[in-house]
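Here is how the chains run, residue by residue.
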Amino acid sequence: MATNPVGAPLQRPVQERENVVIRFAGDSGDGMQVTGMQFTTESVFAGNNIGTLPDFPAEIRAPTGTLYGVSAFQVNFSSRNVYTPGDDLDALVIMNPAALKTNLEDLKQNGILILDKAEFNEPNLKKAQYTVNPLEDGSLDKYQTYPVEITKMTTLALKDMNLPNRSVTRSRNFFALGVVSWLFNRPIEPTLNWIKDRFKRNPEVMEANTRALKGGYNLAENSELFASSYEVKPAQIAPGVYRNITGNTATALGFIAAAKKAGLPIFLGSYPITPASDILHELAGYKNFNVYTFQAEDEIAGVGAALGAAFGGAIGITTTSGPGMNLKAETVGLAAAVELPLIITDIQRAGPSTGMPTKPEQADLLQALYGRHGEAPLPVIAASTPADCFYAAFEAVRIAVKYMTPVILLTDGYLASASEPWLLPRVADLPDFKVEFRTDPQGFFPYLRDEGTLARPWARPGTPGLEHRIGGLEKDYLTGNISYAPSNHEQMVRVRYRKMAKITQEIPPTKIDGPERGKLLVIGWGSTYGSITAGVKEFQGQGKAVSHIHLRYLNPLPPDLGEIIARFDKVLVPEMNMGQLLRVLRAEYLVDAVGLNKIQGRPFKVSEITAKIARMLEE
Amino acid sequence: MSTASAAKLTRKDFVSDQDVRWCPGCGDYAILAQVQKVFPELGVPKENVVFISGIGCSSRFPYYMNTYGFHSIHGRAPAIATGLKVSRPDLMVWVVTGDGDGLSIGGNHLMHALRRNVDLKILLFNNRIYGLTKGQYSPTSELGKVTKSTPVGSADHPLNPLLLALGVDATFIARTIDVEAKHQQDIIKRAAEHKGATFVEILQNCNVYNDGAFASLTDKETKANTQLVLEHGKPMIFGKNKDRGIRLKGLTPEVVTLGNGIGVSDLLVHDETDPVLGFLLSRMTPPAFPMPIGVIRVTEKPTFDALMNHQIQDAMEKSGAGDLEKLLHQGDVWTVK
């Protein structure tokens, strides 16, 4: 699929690689996210499997050139399976000294380092806290360093356009992308098309970016800058229609698909919070799918309005991140008491408090499981990859309406903005679950439960003969009227637990990646899926009895989990927290499981997982 | 809303089978009675009526109305009601709240529901005390209020609910009193007919923790001198002998006695549509002034729920009802063979 867009034959040797991990890093105003995403698209068109990791600061426009203003985007592209954005870098593209300082430690020895030479000037070096210019002190000798005149050459390429300097420097990232596209034999047509579409209302910028991209490509091709180029052959990929998707977009689409299957409108009540806001933005664009999006006055009103809409018969959804979960907790308790469907989505980020808002963590699991007043058990579902957010969101809605219960959906800041190619499902293959509201007044009681699910009837206002009152006060087991009877309260608490137990009938037999029994079982949940999968596969490739289970249902847990755990000598639970699932598993199954805990606002590297597995196998 | 089935309804149709659990003598009984009396006249089928409340004595209200009801959490009723009304514009949604629920813990939600002009009928029972938690002062208690939590008197200046509503440009603002049955019925009817967020402050006596808070307004002997009953287009006259009135001196209202060269034509004439007058009236409080009751201010503007639903209808007309297959396939897609 890879073609040379400018038509000239490549003069230099092409080295083949199985996979390459590259990172673009620059100032937060340097357009690194766009560059990374476009490089991803080019790689997808080149037929590779990909994994991406955007990494950006919380500050919208941090002061230029500072260490904390560095924004980066990492892409792993491969001719084999890809489970993660990659560990150490084969190539690093640097737009300024600050980006060099914060990213260099991840570059492999002898890795490719491309940097913009002109940016290594006195003021920039000072801002990046370099006392000596790293281009001159030999500290970059262990890398293949290519100082390219990115700024200077971009200026030259745009010279006759008479643009202000500021506009010229804004096209630098496309020049860099052009250079790298040639180096790795990526097709630049997808990016040329993207520029055409993205800047169709601004022909000057379109022209500038087009020239910069082509300029970079041509410089790499026609100069003696690189001795060779690299190629990563297309991967064996399952046939079908694909699109590249981020977790937040997938979550939004999963909600829409589920609401469509339920035959109901969506009501999203939300308050902007990083990294969840994109779901609100996304859903706000789909009003023709009968989607109401309500930007509430606060987190509490967001979930409250969603619950009110659920009372009226809509799919009530709220989206937030950790601190917002605390604010919503009281309403979630009410939702548990009145037994209405409601989806509470937590895009977890590093905490406590504001913590590191743009960085992922898995530290809200215990909050999701237990973070309410009184006994209020709820189903908790977690997504494991960006595309999997679609299915997790869909499942959350399905469980909520079938069992008349709030459901907590957990993703995280990594899944939210990372992307992967998604083999699109056929709409007909997604399960149907058309909702039928209660309309018959004969024998109606608000809390008369379905035997199979223990769900109470969904009786919407507007239905004649079903007028009833619900609320937070404890209710009579059948009539739903206020009841303080001691035995009734215990019966109600117990039935709310029994309903969770019923939900186990929705959980398919647990998929074990690896042997059914053996030395070590690695249990994960959420966004650690990729790192754990890649790590475990290394040992399986060596014939070791190491298996992996990744949990979608955190509550209720899969009914076969205890029995599977018992078939392994050791259990390892890697988590981006201090050991929350670990605690649950130890309590639930009395298993002496061991944790691997990383709390750095960054996903696990595969090497971190493999190192721990290796140690446990030796012990 | 069809009115065919509603026409035959009586007060009893709106009475639920639940025992009313307010303290004997509570002003809430009177309010419940007036609401139940008025509802058959509204011509709305009872299945289309929803009462939503927060927490507090007033918030028990939905349990006693034989309509749909939701007794929710402290302060959050306006938020919950907003979600319901927006997604179900066919319903008539009422919010019952109190001075603690609506002005303290839930002040934010009340403010924003009024600001957005969500078509909600909000009744705020103001008894100037916390009843359900057994007698602490509230945001409308007078400065220096001695309660269990303020043994030497509260240091808080009280909040004026009508000024809050005016401040966020609420489209219907009124005040009435629990024991004034006829007046209350009229106001509730006016509120029901208004399209948009309605805010009705009902002065209500808590006979256990703040008995007599409004005694001078409700006492048969004094009330003619302490109430100013507002009527649109009528001069502001009050007093046992209808001989006192409100006159404007510069930008300040003053109480005058008719006669001695002061005639009715010198008095302020109530204009419900005038926000400046609404402001002056809202600031008039006893003992310097009689307490204005009635409709303080009415205006029209598009409701939030209507605007939200228009956006959805527009989108459907422009782009057609959403097609899921197309949605999934939008953007850069590619086929692997």
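Residues numbered from 1 in each chain as written. Chains lettered and ligands numbered in written order. Predicted model: local features only at pLDDT ≥ 70, side-chain atom pairs only at ≥ 80, totals over all residues.

**A closer look at the overall build of chain B**
No. 1: Secondary structure summary: chain B contains 11 helices and 12 strands in total.
No. 2: Reported as C-alpha extents along the three principal axes, the dimensions of chain B are approximately 95 × 50 × 45 Å.
No. 3: Taking all 337 residues of chain B together, the buried fraction comes to 47%.
No. 4: Restricting to contacts in chain B with at least 6 residues of sequence separation, those with at least 24 account for 67%. (Helix = DSSP H or I, 4+ residues; strand = E, 2+ residues; numbered from the N terminus. Buried ≥ 20, exposed ≤ 12 C-beta atoms within 10 Å, placed from the backbone. Contact = placed C-beta atoms within 7 Å.)

**Examining the overall build of chain A**
No. 1: Along its length, chain A carries 20 helices and 22 strands.
No. 2: Relative to the 2.2 N^0.38 estimate, which gives 25 Å for 619 residues, the radius of gyration of chain A is 27 Å and therefore close to what a compact globule would have.
No. 3: The principal-axis extent of the C-alpha atoms belonging to chain A is close to 85 × 60 × 50 Å.
No. 4: The buried share of chain A, reckoned over its 619 residues, is 53%.
No. 5: If you take every contact in chain A between residues at least 6 apart in sequence, the share linking residues at least 24 apart comes to 76%. (Rg over C-alpha atoms; globule rule 2.2 N^0.38 Å.)

**A look at helix α6 (residues 181-193) of chain B**
Residue and element names in this part refer to chain B.
No. 1: In this model, α6 (13 residues) spans 18 Å end to end at C-alpha, consistent with the 18 Å of a helix rising 1.5 Å per residue.
No. 2: Where α6 is concerned, the buried positions are Gln184, Ile187, Ile188 and Ala191. Looking down the long axis of α6, one finds its buried residues gathered within 100° of arc, a one-sided arrangement. Opposite its buried face, α6 presents the exposed residues Lys182 and Glu193, each directed more than 90 degrees away. (Expected span 1.5 Å × (residues − 1). Arc of directions from axis to C-beta.)

**Thoughts on the interface of chain A and chain B**
No. 1: Taken together, the contact pairs 58 residues of chain A with 51 residues of chain B.
No. 2: Looking at the side of chain A that touches chain B element by element, the count peaks at 9 residues for helix α11 (residues 299-311) of chain A.
No. 3: Of the residues that constitute the side of chain A that touches chain B, the class distribution is 33 nonpolar, 17 polar and 8 charged.
No. 4: Examined bridge by bridge, strand β17 (residues 469-471) of chain A and strand β2 (residues 68-71) of chain B share 3 bridges and lie parallel to one another. Each residue of the ladder has a partner; that of A:Arg469, found in β2(B), is B:Gly69. (Nonpolar A, V, L, I, M, F, W, Y, C, P; charged D, E, K, R; others polar. Pairing = 2+ DSSP bridges.)

**Points about the sheet that holds strand β15 (residues 406-412) of chain A**
No. 1: The strand order across the open sheet built from 7 strands is β11-β10-β12-β13-β15-β14-β20 (chain A), with neighbouring strands paired in mixed fashion. Either end of the sheet is taken by a strand with one partner, and the two such strands are β11 (291-295) and β20 (553-555) of chain A. Between one strand and the next, the sheet's axes are offset by a mean angle of 20°, whatever the strand orientation.
No. 2: Pairing of strand β10 (residues 266-270) of chain A with β11(A), which is carried by 5 bridges, proceeds in the parallel orientation. The partner of A:Phe267 across the bridge, within β11(A), is A:Tyr292.
No. 3: In the packing of helix α12 (residues 322-338) of chain A onto the sheet, contacts are made with β12 (315-320), β13 (342-348) and β15 of chain A, and the angle to β13(A) comes to roughly 160°.
No. 4: On top of the sheet, helix α2 (residues 77-87) of chain B reaches β10, β11 and β12 of chain A; it is set at about 150° to β11(A), its chief contact. (Axes fitted to C-alpha atoms, helices over the stretch in contact; angles between N-to-C directions.)

**Section: the pairing of strand β3 (residues 92-98) of chain B**
Residue and element names in this part refer to chain B.
No. 1: Across the 7 residues of β3, 7 count as buried, placing the element largely inside the fold.
No. 2: Across the two faces of β3 the burial is the same, with Met92, Trp94, Val96 and Gly98 and Val93, Val95 and Thr97 all buried.
No. 3: One ladder, built from 5 bridges, connects strand β1 (residues 49-53) with β3; its direction is parallel. Across the sheet, residue Val49 finds its bridge partner in β3, namely Met92.
No. 4: In the sheet, β3 pairs with strand β4 (residues 120-126) via 6 bridges, with the strands oriented parallel.

**Looking at the nonpolar core**
Buried together is how nonpolar side chains tend to be arranged in soluble globular proteins.
No. 1: In this structure, A:Ile266 and A:Val397 are the most contacted members of the largest nonpolar core, which totals 244 residues.
No. 2: At 12 residues, helix α14 (residues 388-403) of chain A tops the list of elements feeding residues into this core.
No. 3: Apart from the residues lying within four places of it in its own chain, the contact partners of A:Val397 are A:Phe255, A:Ala258, A:Ala259, A:Ala262, A:Ile315 and A:Ile343.
No. 4: Grouped together as the second largest cluster of nonpolar side chains are 6 residues, B:Ile129, B:Tyr130, B:Cys206 and B:Tyr209 included. (Core = buried A, V, L, I, M, F, W, Y, C linked by C-beta atoms within 7 Å.)

**Regarding unusual backbone geometry**
All names here are of chain A.
No. 1: Between Thr274 and the following residue, Pro275, the backbone shows a cis peptide bond with an omega angle of 0°.
No. 2: By secondary structure assignment, the location of Pro275 is in the loop between β10 and α10 (277-284).
No. 3: Following Gly351, the chain continues to Pro352 via a peptide bond in cis, the omega torsion being 5°.
No. 4: Looking at where Pro352 falls in the secondary structure, it is placed in the loop between β13 and α13 (365-370).
No. 5: Look at Asn162: it is not a glycine, yet its phi comes out positive at around 55°.

**With respect to the confidence of the model for chain A**
No. 1: Confidence in the prediction of chain A, expressed as mean pLDDT, is 95, and 98% of residues score 70 or more.
No. 2: Confidence over residues 1-7 of chain A falls short of pLDDT 50; this stretch has 15 contacts with residues more than four positions distant or in other chains. (pLDDT = per-residue confidence, 0-100.)

**Re the sheet that holds strand β9 (residues 240-246) of chain A**
No. 1: Taken in spatial order, the 3 strands make up an open sheet running β16(A)-β9(A)-β12(B), and their pairing is antiparallel. The open sheet has two edge strands with one neighbour each: β16 (419-423) of chain A together with β12 (333-336) of chain B. Taking the axes of each pair of neighbouring strands and ignoring which way they run, one obtains an average angle of 35° across the sheet.
No. 2: Pairing analysis gives 4 bridges linking β9(A) to β12(B), with the strands arranged antiparallel. Paired with A:Gly240 across the bridge in β12(B) is B:Val336.

**Quick notes on helix α7 (residues 189-198) of chain A**
Residue and element names in this part refer to chain A.
No. 1: Buried within α7 are the following residues: Pro190, Thr191 and Ile195. Along the long axis of α7, the arc covered by the buried residues comes to 135°, so they all point the same way. Away from its buried face, by an angle of more than 90 degrees, α7 presents the exposed residues Glu189, Asn193 and Asp197.

**Describing the confidence of the model for chain B**
No. 1: Scored by pLDDT, chain B comes out at a mean of 96, with 98% of its residues at no less than 70.
No. 2: On the interface metric, ipTM, the complex scores 0.97, and its pTM is 0.94.

**Observations concerning the packing of helix α4 (residues 150-157) of chain A against helix α6 (residues 172-183) of chain A**
All names here are of chain A.
No. 1: Two numbers describe how α4 lies on α6: the axes approach to 9 Å, and their chain directions differ by 105°. Considering the angle they form, α4 stands roughly perpendicular to α6. Of the residues in α6, those in contact with Ile150, Thr151, Met153 and Thr154 of α4 are Arg172, Phe175 and Ala176.
No. 2: Tallied by class, residues from the contact of α4 with α6 come to 4 nonpolar, 2 polar and 1 charged. (Parallel < 35°, antiparallel > 145°, perpendicular 65-115°, else oblique.)

**Regarding the pairing of strand β6 (residues 107-116) of chain A**
All names here are of chain A.
No. 1: Sheet topology note: the strand β5 (residues 89-94)/β6 ladder contains 5 bridges and is parallel. Looking at the pairing, Ile94 lines up with Leu115 of β6.
No. 2: Of the strand pairs in this sheet, β6 and strand β7 (residues 144-148) are connected by 5 bridges, and their pairing is parallel. The residue of β7 that forms the bridge with Leu115 is Pro147.
No. 3: With helix α3 (residues 122-127) bridging β6 and the parallel β7, this β-α-β connection has right-handed handedness. (Right-handed = clockwise from strand over helix to strand, strands pointing away.)

**Topic: the packing of helix α1 (residues 32-45) of chain A against α6(A)**
Residue and element names in this part refer to chain A.
No. 1: Running from N to C, α1 and α6 cross one another at 30°; their axes reach a closest spacing of 10 Å. Classed by the angle they form, the pair α1 and α6 counts as roughly parallel. For the crossing formed where α1 meets α6, the hand is right-handed. For the pair α1 and α6, the contacting residues are Met32, Val34, Thr35, Gln38, Phe39 and Glu42 in the first and Asn173, Ala176, Leu177, Val180 and Ser181 in the second.
No. 2: Tallied by class, residues from the contact of α1 with α6 come to 6 nonpolar, 4 polar and 1 charged. (Left-handed = near helix turned anticlockwise from the far one by under 90°.)

**Some remarks on the environment of B:Arg60**
All names here are of chain B.
No. 1: Take Arg60: it is sitting in the loop between β1 and β2.
No. 2: Overall, Arg60 belongs to the buried group, with 22 C-beta atoms counted inside 10 Å.
No. 3: Sequence separation between Arg60 and Arg21 is 39 residues; the distance between their C-alpha atoms is 8.3 Å.
No. 4: Ignoring anything within four residues of it in the chain, the contact list for Arg60 reads Arg21 and Trp22.

**Some details on the environment of A:Pro515**
Residue and element names in this part refer to chain A.
No. 1: In this structure, Pro515 sits in the loop between α16 (486-502) and β18 (518-525).
No. 2: Residue Pro515 is classed as partly exposed on the basis of its 16 C-beta neighbours within 10 Å.
No. 3: As for Pro515 and Gly543, which are separated by 28 residues in sequence, their C-alpha atoms are 9.9 Å apart.
No. 4: With near-sequence residues (within four places) excluded, Pro515 lies in contact with Ala545 and Ser547.

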